[in-house]
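The chain contents come next:
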Amino acid sequence: MSENEVHYDVHAVEEKWLPVWERLDPFRADDDAVTSGEREKRYALTMFPYPSGDLHMGHAEVFALHDVISRYWRFRGYEVLNPMGWDSFGLPAENAAIRNDEHPATYTYGNIETQAASMKRYGVSFDWSRRLHTSDPEYYRWTQWLFLKFRERGLAYRKNSPVNWCPNDQTVLANEQVLADGTCERCGAEVTKRELTQWYFKTTEYAQELHDCLDELQKTWIGKVVNAQRNWIGRSEGAHVTFEVEGRDPITVFTTRPDTLWGATFMVVAADAKLAAELVSDDQRQALDDYLVEVRKASDIDRLATDRPKTGVFLGVHAVNPVNGERIPVWASDYVLADYGTGAIMAVPAHDQRDLDFARAMDLPVRMVVDTGEEDPATSGIATNGNGTYVSSGPLDGLADKAAGIHKVVELLEADGHGSGTVNFRLRDWLLSRQRYWGAPIPVIHCPVDGEVPVPEDQLPVELPELRGADLKPKGTSPLGAATEWVNVECPTCGGPATRDTDTMDTFVDSSWYFFRYLSPNDDTQAFDPALAKAWGPIDLYIGGDEHAVLHLLYARFFTKVLRDMGLIDWDEPFSAYLSQGKVINNGRKMSKSLGNGVSLGEQLDEFGVDAVRLTLVFASPPEDNIDWADVSPAGSARFLQRAWRLSGDVTSAPGTDPAGGDVALRKVTHKTVHEAAHLLESYRFNVVVARTMELVNATRKAIDSGCGPADPAVREAAEAVAILLSLVAPYTAEEMWERLGHQPSVAQTAWPTVDPALLVEDAVTAVVQIQGKVRGRLEVSPDISEADLEAAALADPAVQKAIDGREVRKVIVRAPKLVNIVV
RNA sequence: GCCCCCGUAUCCCAACUGGCAGAGGAAGCCGCCUUAAAAGCGGCGAGUUCCGGGUUCGAGUCCCGGCGGGGGCACCA
């Protein structure tokens, strides 16, 4: 045996097959096959990357996982759409351009080429004919068009309000881009607030539906992502209650506990809300102004500390409690948020800890109206919010059920017009404008006569002016403002002098609809072809990282619902199933430059080859678990691939040999493996598929060396099954095997092996005999043995009789053919 | 504080609707090969299924209560 036959050169193999795949182009999706109904479709999608440098281990993992299912679907005869592109607008390119005095496109498109070459080497079954880049004018023309359509429907609008501002990136941020600790998710700087006029998408319009559809998605999406979305949308049921105010307009509050209305001893409005300024008496105006100065000094980080002492100021006015006519004072405080609910609350200090803290700080009365058996909050300082008996609550007195109490109060309020049951959401509208250059310009013209004027559709795209280097330096206003020739235009309506909107769109807008553009990426007459959307949509499996659990997935769901309401598609949710991939870490920690524990994908590929790295990532754990590179063994993967490959060289029977007469034991292993693999693949348990393939390799090796021998047709059948299974993860090795087995490339173009049900049936199975649930004997029985026969056989077994030891048999549970449990 | 997920051999992980705790890999140990070592090849072992209750003929699996880890939301009324 020559050296050449025990090993293959992983790098030579990569160079050998890349041009072959390029020529055969086996992964191009055929629209006609799907629109004609000739073949059933599958749309496989993985999150397209941002082009920052070359691919890293995280990309490698998600592409490897994604390719398993794509290739499997193709084997099963589906027409598979598996596109790839780039999310190529964004800040890193702009920052690099400033640093290097160049155009952001230089960095962007340079990296795209690098990544594209790496992806091809990595052997993912993408349909490259559908490649797109969101920074191409041909793409962002349609991003702009969608913006205008949203605006026509009242779903894109401008408003002035306090917004998140990143002092480092010098731009506004969406709520979703501010981390829980008040820092910028991109650069870590402490986010501040600014009062600015900005563009918003009206995501709140769809809050209810975005929430409700999660029930259905729960079945096919990974649970933690559904949970994260549900928390983010933050639906809460309650009531609006209106309080009359002496000498002012009435105040409406949102509360989840209308049943505690009799315990409301004061009201609080958000200090920074317009409402506070409207309500305040002349006497107290100065006090409120002074308080506002204090409040604005506090940073967001301070505000987020929940144990901060309560502060506030009396507004000098009183409201009337609608259920008992009681006169209660109205206060302003920063513990009430201006942009949640109505920006005002009724305070029930006995049953809400925040209100109680405030009452104690301001010496306001505390009145218990639900007796839970715990100590009175007025004395304990601990608010009670559990179930209990209502007291001092008029018609509720004596009732002891919270749900019934809430229901009854809502009925009373609705009857006399003081309130109504309602639902409130934590979700806010999506702030989409950014004061940066490298994004899609907002296609609106501001005219002193006509106001906001949309750019006419036939003038799209509004292309970015040519700016570079220092022109892009952040200065707090959009860099586009400096392009005077670009900014100053004629008003499309009146022809007078006007200016372009100088903001660009959040890059999450670009990625909210890219999966539609893949359907017809070169169409210059429409954003996408609705007929193709009907044929290919929705996406059957989307794989991506948890970091997009709320942001991108929520925005894409929102876009999909709007496109449906525009009549362009006929489905409600974009992603039928969602699988999140874990992170690749090293030595228990996230890979990072500062920790010096980064693992270079390129180096791993050079050392072990593409297939071994892919196999390692798929085999290491279930897809959603993190992979610690210190715990896995790419060398072991490479070893296994060599072992598998050697099988193909040992087979001596001719291609096409009928396996029917082959070794039955090996055939059974093969058929069982293929059968189970299909089942596992459909539930995305890819790591187990690899383990099963390893078992088949081991069994085949044994058959060759010490069983039926290499000439047996069952060995060929097994080796071919290995090649096909392996091609899901290790396409180069599989291709080599397929060729050595005497077939034409490509293994990707063959079909999934047909399973013979007769070979799935065992000749004999081991039935376990338990006594008192403990295993006391084993019997070899026929798989179709009757329960009566199995029971008789078990009781006749000498070992079993010995274990029973003459005791009386009280009950026998039989689960033919696997188990008998005897109770004595 | 509220809401989700997880806990199996030294490590990463299997175990279909409750039915023999173990598939696969890593590390370890023992052989073979080698002048020797590494690589390679062959083989081997290992358990309070986190803890405590419950349901059941039978629980890693279902229920309740803890402990530990991870994640989401959070002055959201």
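As a reminder, the structure under discussion sits directly above these lines.
Rules and cut-offs
- Residues numbered from 1 in each chain as written.
- Chains lettered and ligands numbered in written order.
- Predicted model: local features only at pLDDT ≥ 70, side-chain atom pairs only at ≥ 80, totals over all residues.
- Heavy atoms only, no water.
- Helix = DSSP H or I, 4+ residues; strand = E, 2+ residues; numbered from the N terminus.
- Buried < 20%, exposed > 50% of the residue type's maximum accessible area, 1.4 Å probe, protein only.
- Contact = heavy atoms within 4.5 Å.
- Areas by Shrake-Rupley, 256 points an atom, 1.4 Å probe, with all protein chains shown as cover.
- Pairing = 2+ DSSP bridges.
- Axes fitted to C-alpha atoms, helices over the stretch in contact; angles between N-to-C directions.
- Parallel < 35°, antiparallel > 145°, perpendicular 65-115°, else oblique.
- Nonpolar A, V, L, I, M, F, W, Y, C, P; charged D, E, K, R; others polar.
- Near = heavy atom within 4 Å.
- Polar contact = N/O pair within 3.5 Å; in protein donor to acceptor, adjacent residues only side chain to side chain.
- Salt bridge = Lys/Arg side-chain N within 4 Å of Asp/Glu carboxyl O.
- Phe/Tyr/Trp six-rings, centres within 6.5 Å; stacked < 30°, edge-to-face > 60°.
- Lys NZ or Arg CZ within 6 Å of the ring centre and 35° of its normal.

Before going further, it helps to examine the overall build of chain A. Across its full length, chain A carries 30 helices and 30 strands. Along the three orthogonal principal directions, the C-alpha set of chain A runs to about 100 × 85 × 55 Å. Residue burial in chain A is summarised as follows: out of 824 residues, 54% are buried. Across chain A, the fraction of contacts at a sequence separation of at least 24, relative to all contacts at a separation of at least 6, is 73%. Counting every atom, chain A has about 34,900 Å² of accessible surface; 49% of that belongs to carbon and sulfur.

Before going further, it helps to spend a moment on the sheet that holds strand E25 (residues 589-590). A sheet is described by the order of its strands in space; here three strands give the open sequence E25-E24-E26, paired in mixed fashion. At either margin of the open sheet sits one strand with a lone partner, and together these are E25 and strand E26 (627-628). The pairing of strand E24 (residues 584-586) with E26 spans two bridges and is parallel. When the sheet's bridge partners are listed, Ile 585 is paired in E26 with Asp 628.

Running from N to C, helix H2 (residues 10-24) and helix H28 (residues 731-740) point in directions that differ by 85°, and their axes come no closer than 10 Å. With respect to their mutual orientation, H2 and H28 come out roughly perpendicular. Mapping the contact onto sequence places Val 13, Glu 14, Lys 16, Trp 17, Leu 18 and Trp 21 in H2 and Pro 731, Tyr 732, Glu 735, Glu 736 and Glu 739 in H28. Per-class residue counts for the contact of H2 with H28 are six nonpolar, no polar and five charged.

Let us look at the protein's contact with RNA strand B. If you check the shell around RNA strand B, you find 50 residues, and the closest are Thr 256, Arg 354, Arg 426, Met 694 and Glu 695. A share of 60% of the atoms of RNA strand B within 4 Å of the protein falls on sugar and phosphate groups. The side chain of Asn 227 places a nitrogen or oxygen atom 3.0 Å from a sugar or linking oxygen of RNA strand B. Contacts to RNA strand B include Tyr 340, whose side-chain N or O atom sits 3.0 Å from a phosphate oxygen. Broken down by secondary-structure element, the contributors of at least two residues to the surface near RNA strand B are helix H10 (223-233), strand E7 (248-255), helix H24 (634-650), helix H26 (686-706), strand E27 (765-771), strand E28 (774-781), strand E29 (811-815) and strand E30 (819-823). Partitioned by chemical class, the residues of the surface near RNA strand B number 19 nonpolar, 13 polar and 18 charged.

This next bit is on H28. For H28, the buried fraction is high: eight of the ten residues fall into the buried class. Where H28 is buried, its residues contact H2, helix H4 (57-75), helix H6 (104-122), helix H23 (610-619), H24 and helix H27 (713-727). Downstream of H28 by a residue or two, Gly 742 has a phi angle that is positive, lying close to 90°.

So, on to the pattern of salt bridges. The full count for this structure, using the stated rule, is 44 salt bridges. One salt bridge in this structure joins Asp 546 and Lys 224, with 3.0 Å as the shortest N-O distance. Residue Asp 546 is located in the loop between strand E22 (541-545) and helix H21 (551-565), and its partner Lys 224 is located in helix H10; the two are separated by 322 residues in the primary sequence. For Arg 716, the salt bridge identified is with Glu 720, shortest N-O distance 2.7 Å.

As for its position among the elements, Asp 429 is in the loop between strand E14 (419-424) and strand E15 (430-431). A distance of 2.5 Å separates a polar atom in the side chain of Asp 429 from a polar atom in the side chain of Tyr 157. Polar contacts involving the side chain of Asp 429 include one to the main-chain amide nitrogen of Thr 203, which spans 3.2 Å. In contact with Asp 429, other than residues within four places in its own chain, are Tyr 157, Tyr 200, Phe 201, Lys 202, Thr 203 and Thr 204.

This brings us to the packing of aromatic side chains. Each pair of aromatic rings is reported with the distance of its centres and the angle of its planes. By the definition in use, this model includes 42 aromatic pairs. Seen in terms of ring centroids, Phe 75 and Trp 752 are 6.2 Å apart; in terms of plane orientation they differ by 45°. Their pairing is tilted. Of the two residues, Phe 75 sits in helix H4 while Trp 752 sits in the loop between H28 and E27, which places them 677 residues apart along the sequence. Per residue, the accessibility class of Phe 75 equals that of Trp 752, and both read buried. Three or more aromatic residues link up through ring pairs in this structure, and these residues are Phe 48, Trp 221, Tyr 514, Phe 515, Phe 516, Tyr 518, Phe 528, Tyr 542, Trp 571, Phe 575 and Tyr 578. It is Arg 194 that lies over the ring of Trp 165; its NZ or CZ is 4.2 Å from the centre. Stacked on the ring of Trp 486, the Lys or Arg Arg 500 has its end atom at 5.4 Å from the ring centre.

By themselves, these observations are geometric and do not establish any function.
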